[in-house]
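Working through the structure, step by step
Residues per chain are reported as follows:
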Amino acid sequence: MLTKRIIPCLDIKDGRTVKGINFVNIRDAGDPVELGATYAQQGADELVFLDISATNEQRKTFASLVKDIARQINIPFTVGGGISSVADVAPLLEAGADKVSINSAAVRNPNLIDELSKAFGAQCIVLAIDARKIDNAWTVHTHGGKNATDKKLFTWAKEGQERGAGEILFTSMDHDGTKAGFANDPLSKLHDLLQIPVIASGGAGTKEHFIDAFILGKADAALAASIFHFGEIKIPELKAFLNTKNITMRMN
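Residues numbered from 1 in each chain as written. Predicted model: local features only at pLDDT ≥ 70, side-chain atom pairs only at ≥ 80, totals over all residues. Heavy atoms only, no water.

So, the nonpolar core
- Ranked by size, the top nonpolar core spans 68 residues in total, and within it Ile102, Leu127, Phe170, Phe210, Phe214, Phe228 and Leu242 carry the most contacts.
- Those residues in contact with phenylalanine 170 that sit more than four places away from it in its chain are Ile129, Ala131, Trp138, Leu153, Ala183, Pro186, Leu187, Leu190, Ile199, Ala200 and Ser201. (Core = buried A, V, L, I, M, F, W, Y, C linked by side-chain atoms within 4.5 Å. Buried < 20%, exposed > 50% of the residue type's maximum accessible area, 1.4 Å probe, protein only. Contact = heavy atoms within 4.5 Å.)

Next comes the structure, spelled out in structure tokens:
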């Protein structure tokens, strides 16, 4: 089995890390620079930093904050929020981000995936997809989950791969913040459909949920936020637990 990755997600609003439940009721979960450094020390494999205010309030991710976080950590780091052009990406990569995550802008303009992949390489491009089950179909949503689209999860993920995305970050909005487990059925289908890695997001509440995401969901990586930010699950303990269940982890 390939090494599986554990990825804390830092949702940023007004320079602070926050975490909502089902995309609302945002709580303050601390300073992103401190949190990022702590996670790197604890053995996180990667970090994701999403400026959740950026798309809605039409402002760009602050490269200066990325620079501060990058200065403190030595693990790969993805940044997203308000990215809608090649010109938006270069400053973020120069500030120390390893990858960029695109979501709403790619739905609006799918050619953006091709342009970014061609300019920076597929390994830098993460296509984030927020979806919710409506009438038995996983429907893609944009703008932090506010707007339903006519795109469906599986066809959009496949198109993203064909256009040059290097990874899919799938968040189930039905599971996000519930701590009831990941959306393992669609995750497994994504794995079978795609050749690129799939990151599971939305629903982490227990160590066992990560086993299910990796075994049942066949995910390459699992992302979580509040359980890490509020100390409910510690990363070294989680990775040691997964190792005992024959899930290969990079250990510090």
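Here's the deal with the UniProt feature "active site" (unreviewed entry) in the chain
- Using the residue numbers shown here, the UniProt feature "active site" (unreviewed entry) corresponds to Asp11 and Asp130. Spanning 120 residues, the annotated positions come together in the fold, the maximum distance between their C-alpha atoms being 14.3 Å.
- If you trace the backbone, aspartate 11 turns up in strand S1 (residues 5–13).
- Among the structural elements, aspartate 130 can be located in strand S7 (residues 125–134). (UniProt positions renumbered as here; feature names shortened; annotations may be inferred. Helix = DSSP H or I, 4+ residues; strand = E, 2+ residues; numbered from the N terminus.)

Looking at the packing of helix H5 (residues 111–120) against helix H6 (residues 153–163)
- Following both chains from N to C, one finds H5 and H6 inclined at 35°, their axes separated by 8 Å at the closest point. In the crossing of H5 with H6, the sense of the turn from one axis to the other is right-handed. For the pair formed by H5 and H6, the contact residues are Asn111, Ile113, Asp114 and Ser117 on the first element and Trp156, Gly160 and Arg163 on the second.
- Tallied by class, residues from the contact of H5 with H6 come to two nonpolar, three polar and two charged. (Axes fitted to C-alpha atoms, helices over the stretch in contact; angles between N-to-C directions. Left-handed = near helix turned anticlockwise from the far one by under 90°. Nonpolar A, V, L, I, M, F, W, Y, C, P; charged D, E, K, R; others polar.)

Side note on the state of the cysteines
- For the coordinates displayed, the defined rule picks out zero disulfides.
- The structure places no disulfide on cysteine 9, whose sulfur is separated from the nearest cysteine sulfur, that of cysteine 124, by 18 Å. (Disulfide = S-S within 2.5 Å.)

A short note on helix H8 (residues 207–215)
- Within the span of H8, buried status applies to His209, Phe210, Ile211, Ala213 and Phe214.
- Buried residues belonging to H8 abut S1, helix H7 (184–193), strand S11 (198–201), strand S12 (221–224), helix H9 (226–229) and helix H10 (235–244).

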